[in-house]
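# Structure assessment
Take a look at the letters that make up each chain.
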Amino acid sequence: MARRGRQGTSQPGTQAGKKKPSYIPEILLVCALLIGIGIMLYPTISDWWNDMHQTQAIATYQQAVSDNSAEKNQEMWDAAVAYNSSLPRDKGRFTMTDAEKAEYESLLDVTGTGIMGYVEIPKINVSLPIYHGTDDTILQIAVGHIPGSSLPVGGLGTHCVISGHRGLPSARLFTDIDQLNEGDLFTLNVLGQTLTYQVDQVRIVWPDELDDLAIDEGLDLCTLVTCTPYGVNDHRLLVRGHRVDNAALAVIDGDAVQVSPAVTGLVVTATIVAIGAVVVAIIRLRRRMAK
């Protein structure tokens, strides 16, 4: 008697006997590439995101100033000038009581968000909103005015001090102010008025050395402060400027061109699309080889 073949047993070479290709390698490859892309693009995307918000904050401030009457803006300016005149000249002015802090925070606050103006540094393509105080929540996204220093409205016998982080992976901020040299210019823009300062001194000091932040009765000064050296941050870099006529802006050395957040966004998007296309091509090639 002929022996029956086992039912359900597939013969070699039939469709049912083929082993289905595994896509686990492709999935792992995609995951690895996505992680790598994320790590590579995080600083760029984060800096672009912060630039966009900084630009929006400045635009909102400018609109609020424009919406104010000239009389209201002048009143706020005069209040800041009076505050500067009342500042003590000793180092103790950097330690405020609660009442002094409340008075300080009420001045030049046009938008109610704590922005008192913005600083522009053409040489390093920086434009940043200036907030009251130096809380870390502020310094992660912008720069802060150091309480106890003069408010940024200028005048002889004033010394405004602005602090910013450097080396953050999420925002450029004051990372490049070590590139500033004597003669370079930066501006403070407050209540629709522009104050131009020319760098005349660059120093590195310990955090508790405050002599270079002193008020000089015969000078109109502004100092930009950040941590140094890069990655160690145990000293402070002080870039000081004295007030000059705004006409000096017409002879800024070099034609610095800012890259807008929109352009940066397009570059980042194009990079992601290009890498994605490579990943898709690899997956399709592996599938053909598996057939």
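The rules behind these values
Residues numbered from 1 in each chain as written. Predicted model: local features only at pLDDT ≥ 70, side-chain atom pairs only at ≥ 80, totals over all residues. Heavy atoms only, no water. Helix = DSSP H or I, 4+ residues; strand = E, 2+ residues; numbered from the N terminus. Buried < 20%, exposed > 50% of the residue type's maximum accessible area, 1.4 Å probe, protein only. Contact = heavy atoms within 4.5 Å. Areas by Shrake-Rupley, 256 points an atom, 1.4 Å probe, with all protein chains shown as cover. pLDDT = per-residue confidence, 0-100. Polar contact = N/O pair within 3.5 Å; in protein donor to acceptor, adjacent residues only side chain to side chain. Salt bridge = Lys/Arg side-chain N within 4 Å of Asp/Glu carboxyl O. Pairing = 2+ DSSP bridges.

## Description of the overall build of the protein chain
Helices and strands together make up the secondary structure of the protein chain, namely five helices and eight strands. Counting over 291 residues, the protein chain shows a buried share of 37%. Pairs at least 24 residues apart make up 68% of the contacts formed inside the protein chain by residues separated by at least 6 positions. Just so you have it, the protein chain exposes about 16,800 Å², and 57% of that area is on carbon and sulfur atoms.

## Section: the confidence of the model for the protein chain
Here the protein chain averages 83 in pLDDT, and 69% of its residues register 70 or above. Here residues 253–262 is modelled with pLDDT under 50, and outside its nearest four sequence neighbours on either side it reaches 12 contacts, counting other chains as well.

## Digging into the environment of Ser127
For Ser127, the location among the structural elements is in strand S2 (residues 126–132). With a relative accessible area of 21%, Ser127 lands in the partly exposed category. Sequence separation of Ser127 and Gln54 is 73 residues, and the distance between their C-alpha atoms is 7.9 Å. For Ser127, the side chain forms a polar contact with the side chain of Glu120, separated by 3.5 Å.

## What about the pattern of salt bridges?
Tallied over the entire structure, the rule returns seven salt bridges. In this structure, Asp200 and Arg240 form a salt bridge, with 3.0 Å as the shortest nitrogen-oxygen distance. Placement of Asp200 in strand S6 (residues 193–205) and of Arg240 in strand S8 (residues 235–244) is noted, with a sequence separation of 40 residues between them.

## Side note on the side chain of Ser163
Position of Ser163 among the secondary structure elements: in strand S4 (residues 158–163). When neighbours within four sequence positions are excluded, Ser163 is seen to be in contact with Thr134, Leu139, Val143, Gly144, Ile146, Phe174 and Val225.

## Observations regarding the pairing of strand S5 (residues 185–190)
With six of six residues buried, S5 lies mostly within the body of the structure. In the sheet, strand S1 (residues 115–121) pairs with S5 via three bridges, with the strands oriented antiparallel. Across the sheet, residue Val119 finds its bridge partner in S5, namely Leu188. As paired elements, S5 and S6 share six bridges and run antiparallel to each other. Bridge pairing in S6 links Leu188 to Leu195. Hairpin connection from S5 to S6: two residues lie between these consecutive antiparallel strands, with Leu191 at a positive phi of about 50°.

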